[in-house]
Amino acid sequence: MALGSILGSTGVDWHFADANRTILYEIRLPRSIGAYLAGALLGLAGAIAQSLFRNPLADPYLLGSASGALLGVGIILCLSYVGEPSLITLIGINGGAFIGALFGVLTALLLAGGYKSSLRLLLSGVVIGVIFGAANSLLTFVRPDLYQSLQSFMLGNTALITWNATLLMGIALVICVLLTLLLSPVLSALSLGENTARTLGLPLDQLRLLLIAVLALATGFAVAQTGLIAFVGLAAPHLVRHISGGRQRAQLMLSTISGGILLLGSDLLARSLFAPMEIPVGIITAVLGGSYLLFLLRRGQIGMRK
């Protein structure tokens, strides 16, 4: 048998080029683009939270969205294991996380009695986080087999991002960015103090609610696709604070860009450091973001705004 026929009967039929193209376009590319979009959503949400609450340590999970998303995933998994497989097919893990994140924010708003007091809203977010965290602990106590799945969600994961997920996050990012740009004058006014902002004649309470809605949507879409990735939304605004020069629109857009770069870079590190073993991307973001914030704290560059 000729060598050409042997190669043709083995190598050509394996379609190595097609396999590489599939890996690139169906796995690697949507994962990388999706990681950037998720990081951009978290960076934008973090910048909104820090400006809205005038607190440099605010992050996208401030209002109970993280614990709500985790509880949503836990409930979906629990119901799927006790004879409701149609529910997980209908809603899915991603849908449960998104609904849970929005539910956490809405519950914090109800507990705070509205959105007029930033302090009450912050405290409500803390309380909701504790209550939902206790509910999650109860779920894992009753169903210990859920622990590994919930732990994977808590550490963040970009490996399962598809083109559909990328499209959803891309649409969400465009909508959230446009709304934030329209509402950025409110954040500029709030940076001068709430009393000063009210004297400017802005409908402050209603606009604050819209900003909270944008914050919740951006966080919900990111968390639904990647899980709870720590420190991206907290660190991204600090990375660009000096570059923006206090201009709110610049701060918001640069935070969006830096959040995407931070998560994409962390994802590449998570895949490369101990290859072929892959570590959760949330561990990388926690190490990088936490180290940077500690550096800023030691230099005295993080402080509460008066």
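Residues numbered from 1 in each chain as written. Predicted model: local features only at pLDDT ≥ 70, side-chain atom pairs only at ≥ 80, totals over all residues. Heavy atoms only, no water.

(A) Representation of the packing of aromatic side chains. Per the counting criterion, the structure on display carries two aromatic pairs. Taking 4.8 Å as the distance between ring centres and 50° as the angle between the ring planes, the aromatic pair formed by phenylalanine 98 and phenylalanine 221 counts as tilted. Of this pair, phenylalanine 98 sits in helix 5 (residues 92–112) while phenylalanine 221 sits in helix 10 (residues 204–226), placing them 123 residues apart in sequence. (Phe/Tyr/Trp six-rings, centres within 6.5 Å; stacked < 30°, edge-to-face > 60°. Helix = DSSP H or I, 4+ residues; strand = E, 2+ residues; numbered from the N terminus.)

(B) Here's a closer look at the pattern of salt bridges. If you walk through the whole model with that rule in mind, you get four salt bridges. Linking aspartate 145 and arginine 143 is a salt bridge whose minimum nitrogen-to-oxygen distance equals 2.8 Å. With a relative accessible area of 42%, aspartate 145 lands in the partly exposed category. Between aspartate 267 and arginine 271 there is a salt bridge, with its nearest N and O atoms 3.2 Å apart. (Salt bridge = Lys/Arg side-chain N within 4 Å of Asp/Glu carboxyl O. Buried < 20%, exposed > 50% of the residue type's maximum accessible area, 1.4 Å probe, protein only.)

(C) Quick peek at helix 8 (residues 163–190). Taking 1.5 Å per residue, 28 residues should reach 40 Å; helix 8 reaches 38 Å between its end C-alpha atoms and fits that length. If you look at helix 8, its biggest bend is around 50°, right at leucine 183, and the proline proline 185 turns up within four residues after that. (Expected span 1.5 Å × (residues − 1). Bend = angle between axes of the 7 residues up to and from the residue.)

(D) Region of the structure containing the packing of helix 13 (residues 248–272) against helix 14 (residues 281–298). Orientation of helix 13 relative to helix 14, taken along the N-to-C sense of each, is 120°, at an axis distance of 8 Å. Considering the angle they form, helix 13 stands oblique to helix 14. Where helix 13 crosses over helix 14, the two elements pack in a sense that is right-handed. Here helix 13 contributes Leu263, Ser266, Asp267, Leu269 and Ala270 to the contact with helix 14, which in turn contributes Val281, Ile284, Thr285 and Leu288. Split by residue class, the contact of helix 13 with helix 14 holds six nonpolar, two polar and one charged. (Axes fitted to C-alpha atoms, helices over the stretch in contact; angles between N-to-C directions. Parallel < 35°, antiparallel > 145°, perpendicular 65-115°, else oblique. Left-handed = near helix turned anticlockwise from the far one by under 90°. Contact = heavy atoms within 4.5 Å. Nonpolar A, V, L, I, M, F, W, Y, C, P; charged D, E, K, R; others polar.)

(E) Unusual backbone geometry, seen in detail. Non-glycine residue arginine 54 carries a positive phi angle of around 50°. With respect to the secondary-structure elements, arginine 54 resides in the loop between helix 2 (16–52) and helix 3 (65–81). Backbone geometry at phenylalanine 231 places phi at a positive 70°, although glycine is not the residue there. Following the sequence through the fold, phenylalanine 231 ends up in the loop between helix 10 and helix 11 (232–239). The class of phenylalanine 231 is partly exposed, set by a relative accessible area of 32%.

(F) Broad picture of a nonpolar patch on the surface. A cluster of nonpolar residues, Leu24, Tyr25, Leu29, Ile33 and Trp163, forms a patch on the protein surface that exposes about 410 Å² of accessible area. Residue contributions to the nonpolar patch peak at four residues, all from helix 2. Position of tyrosine 25 among the secondary structure elements: in helix 2. (Patch = residues over 30% accessible without salt bridge, like charges linked within 9 Å, V, L, I, M, F, W, Y side chains within 5 Å. Areas by Shrake-Rupley, 256 points an atom, 1.4 Å probe, with all protein chains shown as cover.)

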